[in-house]
Amino acid sequence: MNYPWNWSIFWDLSPDGRGSYLDTLVMGLGWTLAVALTAWVLALIFGLVIGVMNTLPSRWANRFASAWVDLFRNIPLLVQIFLWYFVFPEILPEDLGTALKRLQPPWG
């Protein structure tokens, strides 16, 4: 395999004009790590709260935690993504749902 790699493309100006392709890749890596860390922290907090609720002597807390776990375990992830993206904004008040649907990423 004799492919001539063009490594200098990383220093060329990216199409958005904000820097080089390498800058864009580094910025994307930063956003990926920030989103992953935020998701991990939120999952840890929710998991701890639901787990503790499941061990409490309160019947209401125990049933809520069991229902929460059963709901999210039994709905496939792809269906959950579909519901959060398409259905959730529709059940919010109209102005909030429209704002959520029009939300733009900070880089674009």
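Draft legend 1. View of the packing of aromatic side chains. The tally for this structure, following the rule as stated, stands at 11 aromatic pairs. Taken together, a centroid distance of 6.0 Å and an interplanar angle of 25° make the contact between Trp-7 and Phe-10 stacked. With centroids separated by 6.1 Å and ring planes inclined at 40°, the aromatic side chains of Phe-64 and Trp-68 adopt a geometry described as tilted. In this pair, Phe-64 and Trp-68 both sit in helix 2 (residues 59–74), 4 residues apart, roughly one turn of the helix. Taking the relative accessible area as the measure of exposure, Phe-64 reaches 37% and is therefore partly exposed. In this structure an aromatic cluster arises from ring pairing among Tyr-3, Trp-5, Trp-7, Phe-10 and Trp-11.

Draft legend 2. Representation of the packing of helix 1 (residues 21–55) against helix 2 in the model. The N-to-C vectors of helix 1 and helix 2 enclose an angle of 130°; their axes lie 7 Å apart at closest approach. Relative to helix 2, the element helix 1 is oriented oblique. Once helix 1 is placed against helix 2, the crossing between them reads as left-handed. Contact residues: helix 1 offers Ile-50, Met-53 and Asn-54, while helix 2 offers Trp-60, Ala-61, Asn-62, Phe-64, Ala-65, Ser-66, Trp-68 and Val-69. Grouping the amino acids of the contact of helix 1 with helix 2 by side-chain chemistry returns 8 nonpolar, 3 polar and no charged.

The rules behind the values
Residues numbered from 1 in each chain as written. Predicted model: local features only at pLDDT ≥ 70, side-chain atom pairs only at ≥ 80, totals over all residues. Heavy atoms only, no water. Phe/Tyr/Trp six-rings, centres within 6.5 Å; stacked < 30°, edge-to-face > 60°. Helix = DSSP H or I, 4+ residues; strand = E, 2+ residues; numbered from the N terminus. Buried < 20%, exposed > 50% of the residue type's maximum accessible area, 1.4 Å probe, protein only. Axes fitted to C-alpha atoms, helices over the stretch in contact; angles between N-to-C directions. Parallel < 35°, antiparallel > 145°, perpendicular 65-115°, else oblique. Left-handed = near helix turned anticlockwise from the far one by under 90°. Contact = heavy atoms within 4.5 Å. Nonpolar A, V, L, I, M, F, W, Y, C, P; charged D, E, K, R; others polar.

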